[in-house]
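Each chain, letter by letter, is given below.
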Amino acid sequence: MKRFLLLTVLVSVLASCSAKKQIESAISNGNYDEAISEALRKLENNKDKNRKQDYIVMLEEAYYKVLDEDLNDLAHLKKDGNPEQFKTIYTIYLDLEERQNAIKRVLPLKINGKTLDLDFNDYSSEIIDYRYKTSDYLLSQGITLLDSGDKFNARKAYSIFSYIEEINPNFEDTRNLINEAHLKGMDYVHVSIQNQTHQIIPQQLEAELLDFNTYGLNQFWTTYHANANNSIDYDFAMQLQLKQINVSPERISERQILRQKQIVDGWEYQLDRNGNVKKDSLGNDIKIDKIITVKARFTEVLQTKSTQVIADVVYTDLKQNQTIDTFSIDSGFIFENSFGIYKGDKRALVKDDLNLLNQRQLHFPSDEQMVFDSGEDLKLKLKDIMGSYHIRRS
């Protein structure tokens, strides 16, 4: 028990030394907030213990060093007077307040019996002042970008307006500007199917492929339309070009297996050498299992038919009238059905044979049905392309 306690104390001491070295290293390298966070973590529990004194000393040192650094940065930035720096100034004031609040949560702290008295300031006025200065300056930037008529600028404006909404909710009608920027930054893609196979494809297949409600696509800056909207000036076209449809013949293959098994088929009396029935110790007739060999010829029948659809997905920049990307799709569907028949004694069959006996021969699907069934795989591959592809401009 003593050895266990000594080991526990040793582990605790080593962990404490490691934490102190980590904080000291952070202070030496100018990572003051990292040092403060680690010191606060160590002071969450048992902060009045003597072994915690070093953490309080290091917390004080890191706090005054980062405070001095932040105040110097603020003085330089304000003196520069560049509105581009409003956001940076605002962020520094937020950091000053957040750091103070984090430290206040572990107060009071004592060093050598004396209460630690850190210099705290009220930054609320400065935070409000620079929140509005930042919002006003960024709003002007965002509106300029939005009015440029460029989609990428509209997306930048969206980010700017979203930031303003985050720090200053609905400042100068920001929410409507966010929606406007989203609409102006959207890429609209018209999707169509072109049948180049010289074969008739099922209308239902075309409808399924163009039903984007079932695709679950969620691209923030891209909207796909199967039915063109005359009020929209489309940016891109995505065309599914069906190149080739191959349907195999209907095939039936058979595999015959001879089954043979020894089974118990009733019983019979056990006879001695003279042909008399043997008796047990109680005088009863002795009976034994009657073993016979049973045979059956089992035939496994496999029905197969397959289809293959080869297609290209072609993205076109409608503004430049230029193909920007092409993807090939090889999709297919296999119809497969197995069943079994036998001749002979059914008792010779194994479990798998019996399962196949419960299956029945099916009618082969039509070529049209096969092509339609392959559409599910085709749709999954098309969805994968649309979901992962990010349209690039020429």
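K.L.:
What am I meant to see in the side chain of Gln241 here?
P.N.:
Looking at the secondary structure, you find Gln241 in strand E5 (residues 236-247). Reaching out from Gln241, the side chain makes a polar contact with the side chain of Gln239 at a distance of 2.9 Å. If we skip the residues at most four places from it in the chain, Gln241 touches Gln194, Gln196, Ile310, Ala311, Asp312 and Val314.

K.L.:
What's the story with the environment of Asp377 in this structure? I'm lost.
P.N.:
Structurally, the position occupied by Asp377 is in helix H10 (residues 367-388). For the pair Asp377 and Ser331, spaced 46 residues apart in the sequence, the C-alpha separation amounts to 6.0 Å. Residues in contact with Asp377, not counting those within four places in the same chain, are Asp330, Ser331 and Gly332. Within polar-contact distance, the side chain of Asp377 engages the backbone nitrogen of Gly332 at 3.2 Å.

K.L.:
What exactly am I supposed to notice about the pattern of salt bridges here?
P.N.:
This model, assessed by the stated rule, comprises 21 salt bridges. With a closest N to O distance of 3.0 Å, Asp70 and Arg99 form a salt bridge. Taken as a pair, Asp70 in helix H3 (residues 53-80) and Arg99 in helix H4 (residues 86-104) lie far apart in primary sequence, 29 residues in all. Residue classification places Arg99 among the buried positions, given a relative accessible area of 6%. Salt-bridge contacts for Asp377 lead to Lys381; the nearest nitrogen and oxygen are separated by 3.5 Å. With a gap of four residues between them, Asp377 and Lys381 both fall in helix H10, about one helical turn apart.

What counts as what
- Residues numbered from 1 in each chain as written.
- Predicted model: local features only at pLDDT ≥ 70, side-chain atom pairs only at ≥ 80, totals over all residues.
- Heavy atoms only, no water.
- Helix = DSSP H or I, 4+ residues; strand = E, 2+ residues; numbered from the N terminus.
- Polar contact = N/O pair within 3.5 Å; in protein donor to acceptor, adjacent residues only side chain to side chain.
- Contact = heavy atoms within 4.5 Å.
- Salt bridge = Lys/Arg side-chain N within 4 Å of Asp/Glu carboxyl O.
- Buried < 20%, exposed > 50% of the residue type's maximum accessible area, 1.4 Å probe, protein only.

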